[in-house]
Amino acid sequence: AEKKMAMEREKRLLHGDPVDDETLPHTSSLYGSKAYWDERFEEGCTVGASSERGEVNNEWYAGYDELEPIIERFTRRNHRVLILGCGTSTLGEELAVRGFSRVEAVDYSENAILRMREVQEQRLVNYARNPPVRPPPHPFKVDYRIMDVTKMTYPDRSVDCVIDKATLDTMKQLDDDDDELENFDPGATKRGTQRRDPESHAARMLREACRVLKPGGHYVCVTYGEPSTRLSLFDPTSNDGLGEWTNALHGGEDGDGESACLELKRNRATYYVYAFRKRTDASLVAERVVNELVEESVASGRRVFPS
C-alpha cells in the first residue's frame, strides 16, 4: 500500500493534481473514476502539455516530439491510426498536422471529445487564415469519437495502428480498485493455477485493440508499468483474445523483461513502450498446420520432423 501511495503521489505531482493525505487513497486511485475525467476535462481545461506552475498537464507521459521515432517505426502517414483514451492530448492534432491523413481518437469522457473537437475547429480556422509555407496536401482532420475502449464499435480488422498512451494504466487501476480482483495473482497463469479474470478492464481493452487491428498492424503502448507488471497483461495464454499478436520489438515472442520493451526517459521519470504486431492469416494457418502435425505425430508415436 505504501508503494502504491508513493507512485500515486509522484504521478499527481507530475500532472499538477492534489497530493495531500486526505485525497491520496490507500487502496484506490482517482484516475479510475469517469467522474474525475469528466470534471478534469470541463470547459476551460488545459489542452495538451503545460509547464506552468499550478496548471494541470494533460499531455500524459510524452508528446509527439518524444514519440515520433516510435510512431514512425510502426505506422505510415496513409495508415488508419486509432488513439485510445485521448483525453485532451494533442497527439492526434500533431499527427494530422504532420500529414497523417486517417487519425481517429476515442475517449469515454464526453467533455474531452467536445473540447478536442473545438480545438480542431480552431486549428482549421487558423490554417485557412494563415496557410503554412509547406503544408501537407490539405489540412487533415482527426475523427474524435465518444467511445468506451473496452467495447468499441469499430469493425474487426479495420485499423492499421492502435496507440495507447496511459490508457492501459487507467484500466489497470480500475482493476486494482475492483474488490473481486484485489487478490488476483498475475503470475498464477504461468503456474497453471488461475486465469486472469475475463471481466478485467485491462483484458477487455487489450482484446478490443487486437480485434480492430488489421493483420500486420501494430498496437503501441506507452505506460509507467515495468515489464514485471505489464508483460503478463499482454500474454495470450492469460487472455484468449490476444492469440493473434506477437511482440514486435527486438525481444521477440519470448523476449525477457529487458528486451521486450523500450525505455523512454522524460522529466526524471521512466516510461516503457511495448509494441505488438497482429499476425497475418498465412502465419496463423502455418502455425495451425504445424501444431496439427505435431499432435498427429504424438498420437501415432511417429516422428514427423527430423531430429
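Residues numbered from 1 in each chain as written. Predicted model: local features only at pLDDT ≥ 70, side-chain atom pairs only at ≥ 80, totals over all residues. Heavy atoms only, no water.

Trainee: I keep staring at the overall build of the protein and nothing clicks. Help me out?
Mentor: For the protein, the count of helices and strands is 10 helices and 8 strands. A buried classification covers 47% of the 307 residues belonging to the protein. When contacts within the protein are restricted to residue pairs at least 6 apart in sequence, long-range pairs at least 24 apart make up 69% of them. Only carbon and sulfur atoms are counted for the fraction: they give 49% of the accessible area of the protein, which is about 16100 Å². (Helix = DSSP H or I, 4+ residues; strand = E, 2+ residues; numbered from the N terminus. Buried < 20%, exposed > 50% of the residue type's maximum accessible area, 1.4 Å probe, protein only. Contact = heavy atoms within 4.5 Å. Areas by Shrake-Rupley, 256 points an atom, 1.4 Å probe, with all protein chains shown as cover.)

Trainee: Is there a simple way to explain the packing of aromatic side chains in this structure?
Mentor: For any pair of aromatic rings, the description consists of the separation of the ring centres together with the inter-plane angle of the planes. The final tally for this structure, using the stated rule, is 11 aromatic pairs. When the centroid spacing of 5.1 Å and the interplanar angle of 25 degrees are considered together, the rings of Trp-245 and Phe-276 count as stacked. Within this pair, whereas Trp-245 is found in strand S6 (residues 245-247), its partner Phe-276 is found in strand S8 (residues 269-278), the two being separated by 31 residues in sequence. Judged by relative accessible area, Trp-245 falls into the buried class, the value being 3%. Linked through ring pairs, Tyr-36, Trp-37, Phe-41, Trp-60, Tyr-61, Tyr-224 and Tyr-271 together constitute an aromatic cluster. In this arrangement the basic side chain of Lys-34 is found over the ring face of Tyr-108, its NZ or CZ atom lying 5.7 Å from the centre. (Phe/Tyr/Trp six-rings, centres within 6.5 Å; stacked < 30°, edge-to-face > 60°. Lys NZ or Arg CZ within 6 Å of the ring centre and 35° of its normal.)

Trainee: How do you make sense of the layout of surface pockets when you look at a structure like this?
Mentor: Any space left empty among the atoms is revealed by the rolling of a water-sized probe across them. Of the pockets and cavities examined, the second largest pocket occupies roughly 420 Å³. Lining the second largest pocket we find 31 residues, and of these Trp-37, Gly-85, Asp-107, Thr-167 and Thr-170 sit closest to its centre. Of all the elements in the fold, those that place two or more residues in the lining of the second largest pocket are strand S1 (80-84), helix H6 (167-177) and helix H8 (201-212). The greatest single-element share of the lining of the second largest pocket, amounting to 6 residues, is contributed by H6. (1 Å grid on protein atoms, 1.4 Å probe; cavity = no way out; pocket = protein on both sides within 12 Å on 5 of 7 lines; lining within 4 Å. Points joined across faces, edges and corners; volume = space filled by probe spheres on them.)

Trainee: Sorry, what's going on with the pattern of salt bridges here?
Mentor: Pairing is possible between side chains that carry opposite charge, provided their charged atoms lie close to one another. Inspection of every chain in the model, using the stated rule, returns 20 salt bridges. In this structure, Lys-278 and Glu-244 form a salt bridge, with 3.8 Å as the shortest nitrogen-oxygen distance. Note that Lys-278 is positioned in strand S8 and Glu-244 in the loop between helix H9 (227-234) and S6, a separation of 34 residues in sequence. One connected set of salt bridges, linked through shared partners, spans Arg-80, Glu-104, Asp-143 and Arg-145. (Salt bridge = Lys/Arg side-chain N within 4 Å of Asp/Glu carboxyl O.)

Trainee: Is there a simple way to explain the nonpolar core in this structure?
Mentor: Within soluble globular proteins, side chains that are nonpolar tend to cluster in buried spots. With 39 residues, the main nonpolar core has Ile-71, Ile-83 and Leu-95 as its most contacted residues. Sort the elements by how many residues they give to this core and helix H3 (residues 64-74) lands first, with 5 residues. Residue contacts for Leu-95: discarding those within four places in its chain leaves Tyr-64, Ile-71, Val-81, Ile-83, Phe-100 and Val-103. (Core = buried A, V, L, I, M, F, W, Y, C linked by side-chain atoms within 4.5 Å.)

Trainee: Mind showing me how you'd approach unusual backbone geometry here?
Mentor: Leaving glycine out, the prevailing phi sign among residues is negative, and the prevailing peptide bond configuration is trans. Residue Tyr-61 is not a glycine yet carries a positive backbone phi of 70 degrees. By secondary structure assignment, the location of Tyr-61 is in the loop between helix H2 (34-40) and H3.

Trainee: Looking at this model, I keep getting lost on the side chain of Asp-160. Mind explaining?
Mentor: Relative to the elements of secondary structure, Asp-160 occurs in strand S4 (residues 159-165). From its side chain, Asp-160 meets the backbone nitrogen of Arg-80 in a polar contact 2.7 Å long. A polar side-chain atom of Asp-160 sits 3.5 Å from a polar atom in the side chain of Lys-214. Aside from chain neighbours lying at most four places away, what touches Asp-160 is His-79, Arg-80, Arg-102, Leu-213, Lys-214, Gly-217 and His-218. (Polar contact = N/O pair within 3.5 Å; in protein donor to acceptor, adjacent residues only side chain to side chain.)

Trainee: Looking at this structure, how should I read empty space enclosed by the protein?
Mentor: Counted under the stated rule, the structure contains 1 cavity of 30 Å³ or more. As a volume, the largest cavity reaches approximately 40 Å³. Contributing elements (two or more residues each) for the lining of the largest cavity: H3 and strand S5 (213-223). With 3 residues, the single largest contributor to the lining of the largest cavity is H3. Looking at the lining of the largest cavity residue by residue, the class counts come to 6 nonpolar, no polar and no charged. (Nonpolar A, V, L, I, M, F, W, Y, C, P; charged D, E, K, R; others polar.)

Trainee: How should the environment of Ala-275 be read in this particular structure?
Mentor: Mapped onto the elements, Ala-275 comes out in strand S8. Given a relative accessible area of 0%, Ala-275 falls into the buried group. In this structure, the C-alpha to C-alpha distance between Ala-275 and Thr-246, residues 29 residues apart in sequence, is 8.6 Å. With sequence-adjacent residues up to four places away left out, Ala-275 is seen in contact with Phe-74, Tyr-219, Val-220, Thr-246, Asn-247, Ala-248 and Leu-249.

Trainee: Before we go on, may I ask you to explain the pairing of S1 in this structure?
Mentor: Looking along a regular strand, one sees the side chains alternate between the two faces of the sheet. Counting buried residues in S1 gives 5 out of 5 residues, a clear majority hidden from the surface. Here S1 shows no split at all, with Arg-80, Leu-82 and Leu-84 on one side and Val-81 and Ile-83 on the other all buried. Pairing of S1 with strand S2 (residues 102-107) involves 5 bridges; the strand directions are parallel. Bridging from a neighbouring strand, Val-81 pairs with Val-103 of S2. Note that the unit made of S1, helix H4 (residues 91-97) and S2 has a crossover that is right-handed. Direction of pairing for S1 relative to S4: parallel, over a ladder of 4 bridges. In the sheet register, Leu-82 faces S4, and the bridge partner there is Val-162. (Pairing = 2+ DSSP bridges. Right-handed = clockwise from strand over helix to strand, strands pointing away.)

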